[in-house]
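Analysis of the macromolecular model
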Amino acid sequence: MFDTDIYVARRKGLAARLEKGVALFPGNGEVGMNYSANSYHFRQDSNFLYYFGIDRPDLVALADLDEGTSWLFGDDASIEDIVWTGPQPSIAEWAARAGIEHTAPLADLEGFLAKARQADRPIHFLPPYRAETVVSLHQWLGIPLAEVKGRASVPLVRAVVDQRAHKGPEEVAEMERALAITGQMHLAVMRAARAGMKEALLAGMARGIAIAAQGEIAYPVILTTQGQILHNHHHHRTLKEGQLVLGDFGAETWRHYAGDITRTFPVSARFDARQRDIYQIVLDAEVQAIQRVQPGVPYRDVHLFAARIIARGLKDLGLMQGDVDEAVAAGAHALFFPHGLGHMIGLDVHDMEGLGEDYVGYDDEIRRSEQFGTAYLRLGRRLEPGFVLTVEPGIYFIPELVELWGKDRRHEAFINYAEVEKWLDFTGVRIEDNVLVTETGHRVLGSPIPKTIEEVEALRAEASGK
Ligand code: GLY
Ligand code: MN
Ligand code: MN
């Protein structure tokens, strides 16, 4: 946990943004994997962590906006619990650490909420993403099951997004910790990779480093020689000379802040000529996009700027053709760069995605595009100091997508299909860093991880003794 006053200040900030009523935050419980006692890794709800900080299952907290106080509902460990899981801090001790004024057993929650409903006080809750929470809200509030998600409070969503989007110094420091561990994970993989190794060995090594640092991975490891499959979570292939390895993975610290870094490197000591060409375009797009990150700039424009660098580079290689600006306006670049430039990051790797991406990444001024490719951009709005976001351009040759577009010669004015056909076995390159928007510009978080062609090749040559 952070210091008590941080949670008190966050809840004060929430109360100042909402008019009245109760803001209800159900914490997460354990979820059985194959039977209830054999549970998945426990992960507390990020909003619960943000306002109350308590990292244990089976709690419900609420902010009484009219009284200006908070409540923690939960049950102290019984002697049976202690026999199996050891002694635990009491509910009162947890509440004191989080600066929460009132505690009560979980059984009292329903009565508290019934009283609030009788008094016609609004009860705000966030969109639930676990079935267990949907059922609980149904039981506590008498909302029909099918209507629970739709009854989430938009004012509460907006208030939470406004607060969580602007990272405090304690959060930035924690994200630096996540990135220090993430950097170790990437360096270890880049040093260890050899032809003949299974992807799984490297993926396990990365995860082991996160766990050894008392954290976890922030999302399932992507470590693949098939980088054109954007979220490829399979690790069954064997590395071969001449291939590229795309590693997209990051640590979550024990305080649950995420890192999200991608590096792409050759299995051999050096990139081959085609790999160098594509890698350099992606690197140019990434580095120049980062340079554009500053307050007031719509991130949608940074995305389109990176797309133009990619289209220009591909035109120089004879893969695209025609006017670059027109190609990007038409969406032709999305054959090679079919995802967004980045997203906010914090307690969640795609920060606050559970609250609704459009509340997080868009506003009345900047609406989500409906065009294939740019539609996947999770963050389009103007940047503000305190935002932390990813910059992650990529170029991919996705045979299935080329086949689909090629059938009806889609964007033929901008795509040289005869040339693209020769590159179908290329796979993909992505490079990703995490960037803080400052008052005057930006700061790339974490220590540098080899990224230029020279740096990557030097590390690979050193590692393989070549
Ligand atoms: N690791 C998933 C992403 O980069 O968005
Ligand atoms: Mn990533
Ligand atoms: Mn990312």
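Scroll up to find the structure this text is about.
Quick look at the structure, then. (Residues numbered from 1 in each chain as written. Chains lettered and ligands numbered in written order. Predicted model: local features only at pLDDT ≥ 70, side-chain atom pairs only at ≥ 80, totals over all residues. Heavy atoms only, no water.)

Judged by nonpolar contacts, the single largest core of 131 residues is most densely connected at Leu72 and Tyr299. Tyr299 has contacts with Val293, Leu341, Gly342, Leu377, Leu379, Gly380, Arg381, Leu383, Leu389, Thr390 and Val391, leaving out every residue within four places of it along the chain. Counting 19 residues, the second largest nonpolar core, distinct from the first, contains Phe73, Ala104, Leu109 and Leu113. (Core = buried A, V, L, I, M, F, W, Y, C linked by side-chain atoms within 4.5 Å. Buried < 20%, exposed > 50% of the residue type's maximum accessible area, 1.4 Å probe, protein only. Contact = heavy atoms within 4.5 Å.)

In this section: a nonpolar patch on the surface. There is a patch of nonpolar side chains on the surface, built from Ile79, Ile82, Val83 and Trp84 and spanning about 500 Å² of accessible area. With respect to the helices and strands, the residue Trp84 is situated in helix H3 (residues 79-85). Taking relative accessible area as the criterion, Trp84 reaches 76% and is therefore assigned exposed. (Patch = residues over 30% accessible without salt bridge, like charges linked within 9 Å, V, L, I, M, F, W, Y side chains within 5 Å. Areas by Shrake-Rupley, 256 points an atom, 1.4 Å probe, with all protein chains shown as cover. Salt bridge = Lys/Arg side-chain N within 4 Å of Asp/Glu carboxyl O. Helix = DSSP H or I, 4+ residues; strand = E, 2+ residues; numbered from the N terminus.)

Taken together, Tyr219, His231, Asp248, Asp260, His343, His350, Glu392 and Glu432 make up the full set of residues near ligand 1. At a separation of 3.1 Å, an oxygen atom of ligand 1 approaches a polar side-chain atom of His343. Here Glu392 contributes a side-chain N or O atom positioned 2.9 Å from an oxygen atom of ligand 1. Considered on its own, ligand 1 offers 200 Å² of accessible surface; in the complex 93% of this is hidden by protein. For the shell around ligand 1, the residue count by class is 1 nonpolar, 3 polar and 4 charged. (Near = heavy atom within 4 Å. Polar contact = N/O pair within 3.5 Å; in protein donor to acceptor, adjacent residues only side chain to side chain. Nonpolar A, V, L, I, M, F, W, Y, C, P; charged D, E, K, R; others polar.)

With that out of the way, let us pick up the sheet that holds strand E16 (residues 433-437). Strands pair in a sheet through their backbones, by hydrogen bonds, and they do so in one of two ways: parallel or antiparallel. Strand order in the open sheet formed by 3 strands is E13-E16-E17, with antiparallel pairing between adjacent strands. The two strands at the open ends of the sheet, each matched to only one other strand, are strand E13 (388-391) and strand E17 (442-444). Adjacent strand axes in the sheet meet at a mean angle of 35° when their direction is disregarded. Two elements, E13 and E16, share 4 bridges in a ladder whose sense is antiparallel. Bridging across to E16, Thr390 finds its partner in Asn434. (Pairing = 2+ DSSP bridges. Axes fitted to C-alpha atoms, helices over the stretch in contact; angles between N-to-C directions.)

Coordination of the manganese ion (ligand 2) by the protein comes from Asp248 (OD), Asp248 (OD), Asp260 (OD) and Glu432 (OE), over a distance range of 2.0 to 2.5 Å. Considering all 6 donor atoms around the manganese ion (ligand 2), the spread of angles at the metal, 55 to 169°, places the coordination shape in the irregular class. Between the manganese ion (ligand 2) and the manganese ion (ligand 3), both coordinated by Asp260, there is a metal-metal distance of 3.2 Å. Of this pair, Asp248 sits in strand E10 (residues 244-249) while Asp260 is found in the loop between strand E11 (251-252) and strand E12 (261-266), placing the two residues 12 residues apart along the sequence. This pair shows no difference in class: Asp248 is buried, exactly as Asp260 is. (Donors = N, O, S within 2.8 Å, 3.2 Å for Na, K, Ca; no water. Tetrahedral: all angles 85-135°; square planar, octahedral: opposite > 155°, others 65-115°.)

Along the chain, Thr253 turns up in the loop between E11 and E12. Residue Thr253 is classed as buried on the basis of its relative accessible area of 4%. Those residues in contact with Thr253, other than ones at most four positions away along the chain, are Glu174, Arg177, Ala178, Ile181 and Gly215.

The next thing to look at is the coordination of the manganese ion (ligand 3). Protein coordination at the manganese ion (ligand 3): the donors are Asp260 (OD), His343 (NE2), Glu392 (OE) and Glu432 (OE), at 2.1 to 2.2 Å from the metal. For the manganese ion (ligand 3), the 6 donor atoms in the first shell make angles of 49 to 158° at the metal, so the coordination geometry reads as irregular. Between the donor residues of the manganese ion (ligand 3), the gaps in sequence give the motif D-x82-H-x48-E-x39-E.

This paragraph deals with the layout of surface pockets. Summary: where empty space remains is shown by rolling a probe the size of a single water molecule over the atoms. Empty space within the largest pocket amounts to approximately 860 Å³. If you trace the largest pocket, you find 33 residues lining it, with Arg43, Gln44, Ser46, Tyr129 and Asp348 closest to the centre. When residues in the lining of the largest pocket are grouped by element, the largest group, 3 residues, is from strand E1 (residues 22-26). Grouping the constituent residues of the lining of the largest pocket by class yields 16 nonpolar, 8 polar and 9 charged. Of the voids in this model, the second largest pocket is the one considered here, and its volume is about 470 Å³. Counting residues per element, the lining of the second largest pocket draws most heavily on H3, at 4 residues. Looking at side-chain class alone, the lining of the second largest pocket contains 5 nonpolar, 5 polar and 8 charged residues. (1 Å grid on protein atoms, 1.4 Å probe; cavity = no way out; pocket = protein on both sides within 12 Å on 5 of 7 lines; lining within 4 Å. Points joined across faces, edges and corners; volume = space filled by probe spheres on them.)

Inspection of every chain in the model, using the stated rule, returns 34 salt bridges. Its salt-bridge partner being Glu171, residue Arg10 comes within 3.9 Å of it at the nearest N-O pair. Highlighted residues: Arg10 in helix H1 (residues 4-17) and Glu171 in helix H8 (residues 169-192), separated in sequence by 161 residues. Across the pair, exposure class does not vary: Arg10 and Glu171 are buried alike. Notably, a salt bridge pairs Arg300 with Asp301, separated by 3.2 Å at the nearest N-O pair. Owing to a relative accessible area of 34%, Asp301 belongs among the partly exposed residues under this scheme. Ionic contacts of the salt-bridge type, sharing partners, join the residues Glu353, Glu357, Asp358, Arg368 and Arg378 into one network.

Before going further, it helps to examine the pairing of E1. Counting buried residues along E1, 5 of its 5 residues qualify, which places the element largely inside the surrounding structure. Note: E1 against strand E7 (residues 123-125), 3 bridges, orientation parallel. Residue pairing for E7: Ala23 is matched across the bridge by His124. Relative to strand E4 (residues 60-64), E1 is paired through 5 bridges, and the arrangement is antiparallel.

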